[in-house]
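Here is what each chain is made of, one letter per residue.
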Amino acid sequence: MSNLSIFDIIGPVMVGPSSSHTAGAVRIGNLARKIIGEEFNQVKIYLHGSFKETYQGHGTDKAIIGGLLGLKTDNPIIKEAFTLAKARGLKYEFLPIDLDNAHPNTIKLEIENIKGKVISIIASSIGGGSVVINEIDGIKVGVTAELPTLLTIHQDKPGIIAKISKVLEDYKLNIAYMKVLREYKGSLATAVIEVDEEIEGEIIDKIKEITEVEEIKLIGPIN
Amino acid sequence: MYNFNRLSELIELAKKEQLSIVDIIIGREQELTNKSRGEIRAKMAKALTVMRESVEIGLSEDIKSTSGLSGGDAKLLIEAQKKGATVTGTLLSSAIAKAIAVAEVNAAMGRIVAVPTAGSCGILPGALLAVAEAKDLDDEAIIDGLFVASGIGLIIAKQATVSGAEGGCQAECGSAAAMAAGAIVYMLEGKEEQVLDAVAIALKNVLGLVCDPVAGLVEVPCIKRNAGGATNSLMAAELALAGIKSHIPADEVIIAMKKIGQALAPQLKETSLGGLAVTPTGCKLKDEILSK
């Protein structure tokens, strides 16, 4: 709270009607787009809790599609998101769901990329337009993406995290938060790395050069 | 260090540094973001531009919300005003129309500035722009007013809450009215103490106000409560500028608001399980909207 900006009070500039049900939904769409990181043309959107009950009146449906198409929270075109989706060939479906112990404003996305791979993302809109990505393909990442955030998929071997940290150190980036997750020992692991400074493309390229790193994506900061 | 947690600290700091409260508020933001004074003022000017646009759209275009529940009321007010059919006179009538215009644009998925929230987005533009027009104030004066409002809102967010889900409507429309009241006193060159009195009076008037939106939508009663909030802010500013003091200091009113918010039943905090949302008509409207 002590680092709240006055523009959190006079702002954000956003398309209405609700910061949690509209602006937050746009941001979840924006983040999902970055997590997928490539073209996709099919998405199933499962709505839980308050989202399920009030999504049409709050324009949550248009907001999430607008966000997936890359529109920002203040873009009035969000209102026309369905038309834009049609023009861009994005097929979508809205379905109800009951998720256990989930925040009332939670969305599960099943996004199929053009190679036919389905990626599942669960995210919540936690108030004032702030969001959290709870899960990616069943891995509990807990990403807020308020800071510059890197997401990796790498081989679960000793020394890989050290190699990634070395690149960040070389570019004088301070790690604010890091979490390493894996599903099975010795297979693939995911790291969520938040840093204080801006991350440039060159840094991403350097991390990509590490052979054990299979994927790296820059997903924050969201605006 | 320009940080402050209470309104009394804000004005003490201004006196000690021999600066205006606007300078202190901007100074804090500079320390927080490393941005220049010019950049910060430009960002506030951008917010003012968006506010003006949303007022203009709401007063001139045919607005209809996605649910069909709201839209068109701001235009009715302007038409009545043009015919001279106003009860309250030009300034208040204009503030109410502008506040409703912005709230209607919000409900119809138009672009607004959330001040401090989307649900209460009409109060500051309505009240501040109406005062600026009536008193012939320039944009720099309105921008100063917005900085004052931001400082007040920041303190309320730190000490209490500006979220309806946490504190009820008193935390959203109440905070917006308190922010606008303080801003208006500043814009009309009142003393720092009068800014605080205006904040206290506006917030005291709506203590206990619940958040009970029909069908969970930011429309009924939210849009009309924006008109109420704008009116409340003008009334509080008028009292404070006349030299009327609040017996209970603003900082204590803010804490009272927080405690009342905690004491409010969950049914009355944005869940649509109480108040107007569960009246026979509220339930009927919900059924109609959901069956669409």
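First, a word on scope: everything that follows refers to the structure included in this document. (Residues numbered from 1 in each chain as written. Chains lettered and ligands numbered in written order. Predicted model: local features only at pLDDT ≥ 70, side-chain atom pairs only at ≥ 80, totals over all residues. Heavy atoms only, no water.)

Topic: the overall build of chain A
Working step 1: Each helix and strand in chain A was counted, giving seven helices and 11 strands.
Working step 2: The C-alpha radius of gyration computed for chain A amounts to 18 Å, which stays within 12% of the reference 17 Å derived for 223 residues, consistent with globular compactness.
Working step 3: Overall size of chain A, expressed as C-alpha extent along the three principal axes, is 50 × 45 × 35 Å.
Working step 4: About 10200 Å² of surface is accessible on chain A, with carbon and sulfur atoms providing 49% of the total.
Working step 5: Chain A carries 25 positive and 30 negative side-chain charges, and their two centres are separated by 3 Å. (Helix = DSSP H or I, 4+ residues; strand = E, 2+ residues; numbered from the N terminus. Rg over C-alpha atoms; globule rule 2.2 N^0.38 Å. Areas by Shrake-Rupley, 256 points an atom, 1.4 Å probe, with all protein chains shown as cover. Lys, Arg positive; Asp, Glu negative; His and termini not counted. Charge placed at Lys NZ, Arg CZ, Asp CG, Glu CD.)

Points about the packing of helix 9 (residues 169-187) of chain B against helix 12 (residues 250-263) of chain B
Residue and element names in this part refer to chain B.
Working step 1: Close contact between helix 9 and helix 12 brings their axes to 10 Å; oriented N to C, the two are set at 155°. Put simply, helix 9 runs roughly antiparallel to helix 12. For the pair helix 9 and helix 12, contact is made by Q170, A171 and S175 and by M257, I260 and G261, respectively.
Working step 2: The residue inventory of the contact of helix 9 with helix 12, partitioned by class, reads three nonpolar, three polar and no charged. (Axes fitted to C-alpha atoms, helices over the stretch in contact; angles between N-to-C directions. Parallel < 35°, antiparallel > 145°, perpendicular 65-115°, else oblique. Contact = heavy atoms within 4.5 Å. Nonpolar A, V, L, I, M, F, W, Y, C, P; charged D, E, K, R; others polar.)

Quick word on the pattern of salt bridges
Residue and element names in this part refer to chain B.
Working step 1: Taken as a whole and judged by the stated rule, the model has 21 salt bridges over all chains.
Working step 2: Across the pair D23 and R37 runs a salt bridge whose closest N-O atoms are separated by 3.2 Å. Note that D23 is positioned in helix 2 (residues 21-33) and R37 in helix 3 (residues 37-60), a separation of 14 residues in sequence.
Working step 3: Judged by relative accessible area, which is 21%, D23 ranks as partly exposed.
Working step 4: Across the salt bridge formed by D144 and R41, the nearest N and O atoms sit 3.0 Å from each other. Taken together, the positions of D144 in helix 7 (residues 139-159) and R41 in helix 3 put the pair 103 residues apart, joining distant regions of the chain.
Working step 5: R41 sits in the buried class, given a relative accessible area of 16%. (Salt bridge = Lys/Arg side-chain N within 4 Å of Asp/Glu carboxyl O. Buried < 20%, exposed > 50% of the residue type's maximum accessible area, 1.4 Å probe, protein only.)

Notes on the sheet that holds strand 10 (residues 188-195) of chain A
All names here are of chain A.
Working step 1: With antiparallel pairing, the four strands of this open sheet are ordered in space as 9-10-8-11. Of all the strands in the sheet, just strand 9 (175-182) and strand 11 (213-218) have a single pairing partner and so form its edges. Strand after strand, the sheet turns through a mean of 15° between neighbouring axes, direction not considered.
Working step 2: The pairing of strand 8 (residues 149-155) with strand 10 spans seven bridges and is antiparallel. Along strand 10, the bridge assignment pairs L150 with I193.
Working step 3: Helix 6 (residues 160-170) contacts strand 8, strand 9, strand 10 and strand 11 of the sheet and is inclined by roughly 145° relative to strand 8. (Pairing = 2+ DSSP bridges.)

A closer look at the packing of aromatic side chains
Working step 1: With the rule as written, the count across this model stands at four aromatic pairs over all chains.
Working step 2: With 5.8 Å between their ring centres and 25° between their planes, Y55 of chain A and F94 of chain A make a pair best called stacked. Placement of Y55 of chain A in the loop between helix 3 (50-54) and helix 4 (60-68) and of F94 of chain A in strand 3 (residues 91-96) is noted, with a sequence separation of 39 residues between them.
Working step 3: Within the aromatic cluster, the residues linked to one another by ring pairs are Y55, F82, Y92 and F94 of chain A.
Working step 4: Above the ring of Y46 of chain A, the side-chain terminus of K108 of chain A is found at 5.7 Å from the ring centroid.
Working step 5: Note that K158 of chain B overlies the ring of F4 of chain B, its terminal NZ or CZ placed 6.0 Å from the centroid. (Phe/Tyr/Trp six-rings, centres within 6.5 Å; stacked < 30°, edge-to-face > 60°. Lys NZ or Arg CZ within 6 Å of the ring centre and 35° of its normal.)

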